[in-house]
Structures are given as structure tokens and as C-alpha cells.
Amino acid sequence: MDRKRKLELLEAWKNLRPEMGVISFQCSATDEIFLTTATDIPTKFNRIRFQLSAGNCPNKRLQELWEQYGEDAFELQVIKRLEYDDPTENHQEELETLCELCLLENPKARRVWK
């Protein structure tokens, strides 16, 4: 790969704006909802699904439901997206605030990570 192409790819990576927000795992069998923040939504969905499939999710209740009803009983959703301008800035505090608002809007929901 030539130097010019490397610089183009590096610049594109620096300007990458991953989709951020609050995501949920909702069990259709019990109607329980689990929320968490995501700095990269598709990656976070994959990570949690992998943990659940491997039996390694730290949230024991979510893990129990996954094992009892299976992946097909869960609806994965993006609840709120975070709009932001600077991809290099840390947005964790904004995401936490957004998650708290989502928890207040839905009293049945709880966090994936306690």
C-alpha cells in the first residue's frame, strides 16, 4: 500500500463517527427490558450477544432469560441515538445521562451492567 493511500485511510479513520446511543435487550416472554450505553452500537450488540451465547454475561437475570428462552425471544433495539459533532471527544457522560432518561421513561427497564 502506498503512502498516499495510508494517509487517506488514516484520515478517514480519524473522522469516523460511530453510531452512539442507548440500546436495549427486551425479552418478549417476560417483557423485561435491559438497557446499556454504546459508543459503537453494532459492536456493543455483538459483544453482549457473544457474552450471552458464551454464558458469560455479568447480568445474571439477563443470562437466565437468554438461556431459558433463547436468542429468538429477545428484541434488540436502539432506544435513543446520541447526536454529536466531535468524534474525538469523550461522550460517556452524555450517554449516561441519556440512559438515565430512558430508565426514567420506562420504570420496567433496568441496566444490563449494574
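Please read these numbers as outputs of a predicted model, since none were measured by experiment.

Visitor: Can you break down the overall build of the protein chain residue by residue, with the values?
Guide: From N to C terminus, the protein chain includes four helices and four strands. Helices (α) and strands (β) of the protein chain occur, in sequence order from the N terminus, as α-β-β-α-α-β-α-β. Seen along its three principal axes, the alpha-carbon backbone of the protein chain occupies a region of about 55 × 30 × 20 Å. Long-range contacts, defined here as pairs at least 24 residues apart, represent 59% of the contacts in the protein chain between residues at least 6 apart. Looking at the protein chain as shown, the accessible area adds up to about 7,400 Å², and 49% of this sits on carbon and sulfur atoms. The centroid of the 17 positive side-chain charges in the protein chain is displaced by 4 Å from the centroid of its 21 negative side-chain charges.

Visitor: Kindly report on the sheet that holds strand β4 (residues 109–111), identifying the contributing residues and their values.
Guide: Strand order in this open sheet of four strands is β3-β1-β2-β4, and the pairing throughout is mixed. At either end of the open sheet lies a strand with only one pairing partner, and these are β3 (74–81) and β4. Sheet twist, expressed as the average angle between the axes of neighbouring strands with direction ignored, equals 30°. Bridging between strand β2 (residues 33–38) and β4 involves three bridges; their strand directions are parallel.

Visitor: I'd like a rundown of the packing of aromatic side chains, residues and numbers included.
Guide: Throughout the structure, instances matching the rule amount to two aromatic pairs. When the ring of W66 is compared with that of F74, the centres are 5.1 Å apart and the planes differ by 40°; the resulting orientation is tilted. Each member of the pair, W66 as well as F74, is classed as buried. If you follow R17 out to its NZ or CZ, it ends over the ring of Y84, 4.6 Å from the centre.

Visitor: Explain the nonpolar core to me, and be specific about the residues and the numbers.
Guide: Within the largest apolar cluster, 16 residues are counted, with the highest numbers of intra-cluster contacts made by I23, F25, F34, L52, L62 and F74. Broken down by secondary-structure element, the contributors of at least two residues to this core are β1 (21–27), β2, α2 (41–54) and α3 (60–69). Element by element, the count of residues in this core is highest for α2, at four residues. Residue contacts for F34: discarding those within four places in its chain leaves I23, S24, F25, N59, R61, L62, L65, R110, R111 and V112.

Visitor: Help me get a handle on the confidence of the model for the protein chain, residues and values and all.
Guide: Regions with low pLDDT should not have their predicted coordinates read in detail. Summing up the model confidence of the protein chain, the mean pLDDT is 93 and the portion of residues at 70 or higher is 99%. Confidence, read as mean pLDDT per element, is least for helix α1 (residues 3–14) in the protein chain (84) and greatest for β1 (98).

Visitor: So what's going on with the pattern of salt bridges? Which residues, and what values?
Guide: Under the defined criterion, the tally for this structure stands at 10 salt bridges. Of the charged contacts in the structure, one is a salt bridge between R61 and E32, with a shortest N-O distance of 2.6 Å. Of this pair, R61 sits in helix α3 while E32 sits in the loop between β1 and β2, and the two are 29 residues apart along the sequence. Classification of R61 as partly exposed rests on a relative accessible area of 28%. Exposure remark for E32: the relative accessible area of 13% places this residue in the buried category. When the shortest N-O distance is used, the salt bridge between E100 and R111 registers 2.5 Å. With E100 in helix α4 (residues 92–105) and R111 in strand β4, this residue pair connects regions lying 11 residues apart in the sequence.

Reading guide: rules and limits
- Residues numbered from 1 in each chain as written.
- Predicted model: local features only at pLDDT ≥ 70, side-chain atom pairs only at ≥ 80, totals over all residues.
- Heavy atoms only, no water.
- Helix = DSSP H or I, 4+ residues; strand = E, 2+ residues; numbered from the N terminus.
- Contact = heavy atoms within 4.5 Å.
- Areas by Shrake-Rupley, 256 points an atom, 1.4 Å probe, with all protein chains shown as cover.
- Lys, Arg positive; Asp, Glu negative; His and termini not counted.
- Charge placed at Lys NZ, Arg CZ, Asp CG, Glu CD.
- Pairing = 2+ DSSP bridges.
- Axes fitted to C-alpha atoms, helices over the stretch in contact; angles between N-to-C directions.
- Phe/Tyr/Trp six-rings, centres within 6.5 Å; stacked < 30°, edge-to-face > 60°.
- Buried < 20%, exposed > 50% of the residue type's maximum accessible area, 1.4 Å probe, protein only.
- Lys NZ or Arg CZ within 6 Å of the ring centre and 35° of its normal.
- Core = buried A, V, L, I, M, F, W, Y, C linked by side-chain atoms within 4.5 Å.
- pLDDT = per-residue confidence, 0-100.
- Salt bridge = Lys/Arg side-chain N within 4 Å of Asp/Glu carboxyl O.

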